[in-house]
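One letter stands for each residue in the lines below.
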Amino acid sequence: MAVNTSAQSPLPVGEVSRLIGGWIDRLGAVWVEGQITQLSRRPGAGVVFLTLRDPSYDISVGVTCYRQVFDAVADVVSEGARVIVHAKPEWYAPRGQLSLRAAEIRPVGVGELLARLEQLKKSLAAEGLFAPERKKPLPFLPQLIGLVCGRASAAERDVLENARHRWPAVRFEVRNVAVQGVHAVPQVTQAVKELDALDEVDVIIVARGGGSVEDLLPFSDEQLVRTVADCRTPVVSAIGHEPDNPLLDHVADLRASTPTDAAKKVVPDVGEELQRVQALRDRARRCVRALVEREERGLAHALARPSMEDPHRMVDERAEQIAALADRSRRTLRHLLDRAESELAHTHARVVALSPAATLRRGYAVLQKADGHVVRSPQDASEGEALRARVAEGEFTVRVEDRAGN
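So, how was this worked out
Every residue gets a number counted from 1 within its own chain, in the order that chain's sequence is written. With pLDDT at 70 or above as the cut-off, local features in this predicted model cover only qualifying residues; side-chain atom pairs require 80 or more to be listed or tallied, and sums for whole chains, interfaces and linings still use all residues. For the side-chain quantities, the full set of heavy atoms in the structure was used; hydrogens and water were omitted. Here, any two strands with at least 2 DSSP bridges between them count as paired. Secondary structure counts use DSSP, requiring at least four H or I residues in a row for a helix and at least two E residues in a row for a strand, with both numbered from the N terminus. Any two residues whose heavy atoms approach within 4.5 Å are treated as being in contact. Only the stretch in contact is used when fitting a helix axis, every axis being a line fitted to C-alpha atoms; angles between N-to-C directions are given from 0 to 180 degrees. For salt bridges, the criterion is a side-chain nitrogen of Lys or Arg within 4 Å of an Asp or Glu carboxyl oxygen. Exposure is judged per residue with a 1.4 Å probe applied to protein chains only, and the accessible area is read against the type maximum: over 50% gives exposed, under 20% gives buried, and values in between give partly exposed. The definition of a nonpolar core used throughout is a set of buried Ala, Val, Leu, Ile, Met, Phe, Trp, Tyr and Cys residues joined through side-chain atoms within 4.5 Å. Each angle receives one of four descriptions, namely roughly parallel if under 35 degrees, roughly antiparallel if over 145, roughly perpendicular if within 65 to 115, and oblique otherwise. Gly is placed with the polar residues, together with every amino acid not listed as nonpolar (Ala, Val, Leu, Ile, Met, Phe, Trp, Tyr, Cys and Pro) or charged (Asp, Glu, Lys and Arg). The residues that make up patches have over 30% relative accessible area and no salt bridge, and they are joined within 9 Å when like-charged or within 5 Å when they are Val, Leu, Ile, Met, Phe, Trp or Tyr. The protein chains shown are the only cover counted for residues, whose accessible areas, like all others here, come from Shrake-Rupley with a 1.4 Å probe. Given the number of residues in a helix, its expected span is that number minus one, multiplied by 1.5 Å. Picture the helix axis, draw a direction to every C-beta atom, and the arc is the one those directions span. Here a crossover is taken to be right-handed if, once the strands point away from the viewer, the path from the first strand over the helix to the second is traced clockwise. In a left-handed crossing the near helix is turned counterclockwise from the far helix by less than a right angle, and in a right-handed crossing that turn is clockwise.

Caption draft 1: Up close: the sheet that holds strand β9 (residues 235–239). Pairing in this open sheet of 5 strands is parallel, and the strands run β7-β6-β8-β9-β10 from one edge to the other. The open sheet is flanked by β7 (171–176) and β10 (254–255), the only strands paired with a single partner. Along the sheet face, helix α5 (residues 184–197) touches β6 (144–149), β7 and β8 (203–208) and points at about 175° away from the line of β6. The sheet strands contacting helix α8 (residues 259–266) are β6, β8, β9 and β10, and the helix crosses β8 at an angle near 165°.

Here you go:
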């Protein structure tokens, strides 16, 4: 419950400690799970002291219990073991210190751990953290590789030696951390975050040798899994051996069966790449040679055609045909002109023979009245009327004296 205080009426330290103790006493007994990091069993002492730590966070709390409580599990519990404790929170007012008074300690069995991991695996998979579309591709040739491993470990040696044997110019940014025990999760998580923050790091390898299920538990921790899922840099999991399968394998962008396998998958082999380049060169050379030979055969085939061997033959043949057609055209045109000329002469003769001028030349005359009308009968002219007579050589005037037929 809240306490009313002010700068003018503060509470003494003892009163604050007493109030905190009262609130904690009302909490009651609780079941707590954690990992034993320190264990103190003094000979002849009736109380056992131990420290219980949350492996996912940097939080610890002291636990005390009577010797007979601890002796019930002494054969299966030691430092590093995971346990479940039924304890009553206690507040030691003189020092202002919180501790747990354990009434029962239960070791967490492997079967129970595996069941919890399977449940966590299903939960993370439902969130999509293991989805294939989240996997990032590894660079073909990383310039700088981040390596998270134990100090002076076989895993570190295997990765470095195999990677440099495959590509001598490769560089590493190594972070040595605890790979088992209570400090493994926070140290590995922090190392991954540090390497992911470096822009020059192209890929991160988290490596550890084989071990028991309990030894590999840090690499199935939810905090570490979510940290790897949030990385922008591709992460390779190389934990244990082929049968080992921590949750880190599922969230990583690539899973390697061993640290050595990780080096082979991340770093290309310079010898193999040289062979591949040489094979590609040979293949390109064969393709170019085949293309050139095919074009040469096509060119030779084209040059062997008659039109290419004697290009003027076609022109000469066509010239002869054109000359023959021109002569034929001239003969035909001349014949047509001659026939047209003959027809024109005959027509001209008929026209001349039938023309009025020819009739006049034979002695006939044409009589026209003053208005130009031709006189065709005696009735067309009146007595004494002047008419114009047209003959072949000209015209003259005549006068009607008497009309015939009167």
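Caption draft 2: Local environment of the pattern of salt bridges. Across all of its chains, the model carries 18 salt bridges by this definition. A salt bridge links K88 to D25; its shortest N-O distance comes to 3.9 Å. One end of the pair, K88, is in strand β4 (residues 82–92); the other, D25, is in helix α1 (residues 13–25), and 63 residues separate them in sequence. A relative accessible area of 48% means that D25 is categorised as partly exposed. Counted as one network, the salt bridges with shared partners bring together E127, E222 and R226.

Caption draft 3: Structural detail: the nonpolar core. Ranked by internal contacts, the top residues of the largest apolar core, which has 27 residues, are V148, V188, V206, F219 and V251. When residues of this core are traced back to their parent elements, those giving at least two are α3 (110–126), β6, α5, β8, α6 (222–229), β9 and α7 (247–251). By size, the runner-up hydrophobic cluster in this structure holds 19 residues, among which are I145, L160, I205 and A256.

Caption draft 4: View of the packing of α5 against α6. As a packed pair, α5 and α6 sit with axes 9 Å apart at the nearest point and diverge in direction by 5°. Compared by their axis directions, α5 and α6 come out roughly parallel. Seen from α5, the contacting residues are V185, V188, T189, V192 and K193; seen from α6, they are Q223, L224, T227 and V228. Within the contact of α5 with α6, the residues separate by chemical class into 5 nonpolar, 3 polar and 1 charged.

Caption draft 5: Quick look at the sheet that holds β4. Spatial ordering of the closed barrel is given by β1-β2-β3-β5-β4, a layout of 5 strands whose pairing is mixed. Pairwise comparison of adjacent strand axes, ignoring direction, gives a mean angle of 55° for this sheet. Pairing between strand β3 (residues 59–66) and strand β5 (residues 97–107): 4 bridges, direction parallel. Across the sheet, G62 pairs through a bridge with S99, a residue of β5. Across the face of the sheet, α1 comes into contact with β4 and β5 while running at roughly 140° to β4.

Caption draft 6: Spotlight on a nonpolar patch on the surface. Taken together, the side chains of V3, L11, V16 and W23 present a nonpolar region at the surface, about 290 Å² in accessible area. On the secondary structure map, V3 appears in the segment before α1. We classify V3 as partly exposed; its relative accessible area is 37%.

Caption draft 7: Quick look at helix α4 (residues 154–166). Helix length check: α4, at 13 residues, gives a terminal C-alpha distance of 18 Å against a target of 18 Å (1.5 Å per residue), a fit within 8%. Of the residues making up α4, those classed as buried are A155, E156, V159, L160, A163 and R166. The arc that holds the buried residues of α4, viewed along the axis, is 145°, so those residues lie on one side. Exposed and oriented more than 90 degrees from the buried face of α4 are E161 and H165.

Caption draft 8: Molecular detail of the pairing of β9. Of all 5 residues in β9, 5 are buried; the element is thus mostly enclosed. Because side chains alternate across β9, one face comprises the buried residues V235, S237 and I239, and the other comprises V236 and A238, equally buried. Summarising the sheet, β8 and β9 pair through 5 bridges and their orientation is parallel. Its bridge partner being in β9, R208 is matched across the sheet by I239. What joins β8 to β9 is α6, and the crossover it makes is right-handed. Summarising the sheet, β9 and β10 pair through 2 bridges and their orientation is parallel. Among the inter-strand pairings, V236 is bridged to a residue of β10, identified as L254.

Caption draft 9: Quick look at the packing of α4 against α8. With their axes 8 Å apart at the nearest point, α4 and α8 run at an angle of 30° to one another. When the interaxial angle is binned, α4 and α8 end up roughly parallel. For the pair α4 and α8, the sense of crossing is right-handed. Between α4, through A155, D158, V159, N162, A163 and R166, and α8, the contact on the second element is made entirely by P259, T260, A263 and K264. Its residues assigned to classes, the contact of α4 with α8 shows 5 nonpolar, 2 polar and 3 charged.

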